[in-house]
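# Results of the structural survey
These are the residues of each chain, in order.
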Amino acid sequence: MYSQDAISGRRRGRPEPTAEMLSGLACLICGTDYRSRPDVEAVVVSHRDDRQLLACHGTCARMASGSVTGLDETPLPLAERVRRHEGDGS
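A quick note: this is a predicted structure, and the numbers were derived from the prediction, not measured.

## Some words on the overall build of the protein
Scanning the protein from N- to C-terminus turns up four helices and two strands. Put simply, the protein runs from its N terminus to its C terminus through helices and strands in the order α-α-β-β-α-α. Counting across all 90 residues of the protein, residues that qualify as buried make up 33%. Of all intrachain contacts in the protein linking residues separated by at least 6 positions in sequence, the fraction that spans at least 24 positions is 52%. In the structure as shown, the protein presents an accessible area of about 5500 Å², 47% of it carried by carbon and sulfur atoms.

Written out as structure tokens, the structure is:
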């Protein structure tokens, strides 16, 4: 497990989220693209501008939200997240 100092340091050193991260198509922490890795379990860890922000279940979710399971919320289906992302013209 990571220490709180390591988690805090990782948060401070992380660049701004990409458009894919903001659309729930990529992990906020490791950047895994869920479109090419549908086997990775994504969990909701936060919200921004009425969108779900996702991270991979486990360490990434803990680093993003403090819980390995993220928030108690089901992520939108991948097809819906892709549709919304493409609809934004991003």
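Structure's up, so let's keep going.
## A few points about the side chain of His85
Along the chain, the position of His85 falls in helix α4 (residues 78-87). Look at His85 and you get buried, because its relative accessible area is 6%. In terms of polar contacts, His85 uses its side chain to reach the side chain of Ser23, at 2.7 Å.

## A look at α4
Taken residue by residue, α4 has Arg81, Val82 and His85 as its buried positions. Around the axis of α4, the buried residues are gathered within 100° of arc, so they sit on the same side. With respect to the buried face of α4, the exposed residues turned more than 90 degrees away are Ala79, Arg83 and Gly87. Packed against the buried residues of α4 are α2 (19-22) and β2 (51-56).

## Structural notes on the nonpolar core
One finds Cys27, Tyr34, Val45, Cys56 and Cys60 to be the most contacted residues of the largest nonpolar core, which totals 18 residues. At the level of secondary structure, the elements contributing two or more residues to this core comprise β1 (42-48), β2 and α3 (59-65). When residues no more than four places from it in sequence are discounted, the contact partners of Val45 are Leu28, Leu53, Leu54, Ala55, Ala61, Ala64, Ser65, Gly70 and Leu71.

## Looking at the confidence of the model for the protein
Regions with low pLDDT carry predicted coordinates that are not meant to be interpreted in detail. The predicted model of the protein has a mean per-residue pLDDT of 87, with 82% of residues at 70 or higher. Looking across the protein, the model is least confident in helix α1 (residues 4-13), with a mean pLDDT of 59, and most confident in β2, with 96.

## Overview of the side chain of Gln52
Here Gln52 shows up in strand β2. For Gln52, a relative accessible area of 12% gives the class buried. Among the polar contacts listed, one links the side chain of Gln52 to the side chain of Glu73, at a separation of 2.8 Å. Excluding residues within four positions of it along the chain, Gln52 makes contact with Leu22, Gly24, Val44, Ser46, His47, Glu73, Thr74, Pro75 and Leu76.

Rules behind the numbers
- Residues numbered from 1 in each chain as written.
- Predicted model: local features only at pLDDT ≥ 70, side-chain atom pairs only at ≥ 80, totals over all residues.
- Heavy atoms only, no water.
- Helix = DSSP H or I, 4+ residues; strand = E, 2+ residues; numbered from the N terminus.
- Buried < 20%, exposed > 50% of the residue type's maximum accessible area, 1.4 Å probe, protein only.
- Contact = heavy atoms within 4.5 Å.
- Areas by Shrake-Rupley, 256 points an atom, 1.4 Å probe, with all protein chains shown as cover.
- Polar contact = N/O pair within 3.5 Å; in protein donor to acceptor, adjacent residues only side chain to side chain.
- Arc of directions from axis to C-beta.
- Core = buried A, V, L, I, M, F, W, Y, C linked by side-chain atoms within 4.5 Å.
- pLDDT = per-residue confidence, 0-100.

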